[in-house]
Amino acid sequence: MKSIVGIVAALALGAAAAVAQSVDEQIAERLGAPDSVCMQGDECAAAAPAATASAGGGTRSGEEVYNGACGTCHAAGVAGAPKFGDAAAWSSRIAKGMETLYSNAINGINAMPAKGLCADCSDEEIQAAVDYMAENSQ
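I will try to describe carefully the structure that is included in this document.

Parameters at a glance
Residues numbered from 1 in each chain as written. Predicted model: local features only at pLDDT ≥ 70, side-chain atom pairs only at ≥ 80, totals over all residues. Heavy atoms only, no water. Salt bridge = Lys/Arg side-chain N within 4 Å of Asp/Glu carboxyl O. Helix = DSSP H or I, 4+ residues; strand = E, 2+ residues; numbered from the N terminus. Buried < 20%, exposed > 50% of the residue type's maximum accessible area, 1.4 Å probe, protein only.

### Considerations on the pattern of salt bridges
All chains considered together, the criterion is met by three salt bridges. Its salt-bridge partner being E125, residue R60 comes within 2.9 Å of it at the nearest N-O pair. Pair noted here: R60 is in the loop between α2 (43-52) and α3 (62-74) and E125 is in helix α6 (residues 123-135), with a separation of 65 residues, a long-range link. As far as the burial class goes, R60 and E125 line up, both buried. Note that D123 is salt-bridged to K115, the shortest N-O span being 3.1 Å. Here D123 falls in the partly exposed class, since its relative accessible area comes to 33%. Accessibility expressed as a relative area gives 22% for K115, which makes it partly exposed.

Shown next as structure tokens:
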């Protein structure tokens, strides 16, 4: 019996480590090298919004922003982020009102940086992502 418990424990730890490593890798990929950052005023900044906008060249949907930026933390609950689809985790946040959720997402709160580090996201795109997460987490 002890060997079965040990095997199950080892498998669980291995799975947890694989998820943590995957999240760490995703975060590192999103952060990128410092020399790859394009700042406002740089030549590369003029082309950046067009390259990151949706296929139609306009504003990205909440789902697109979530999949491109928010999901890195909200899919796994990194650093206390409420998990996508977790009604219990979202209920108290939604109860504070959508304006509070928008403000927290745009300006940052606790471990979440402003706009979740989506520097090329407009406030409207962040609000759409918040709407998408809230609607799918009730």
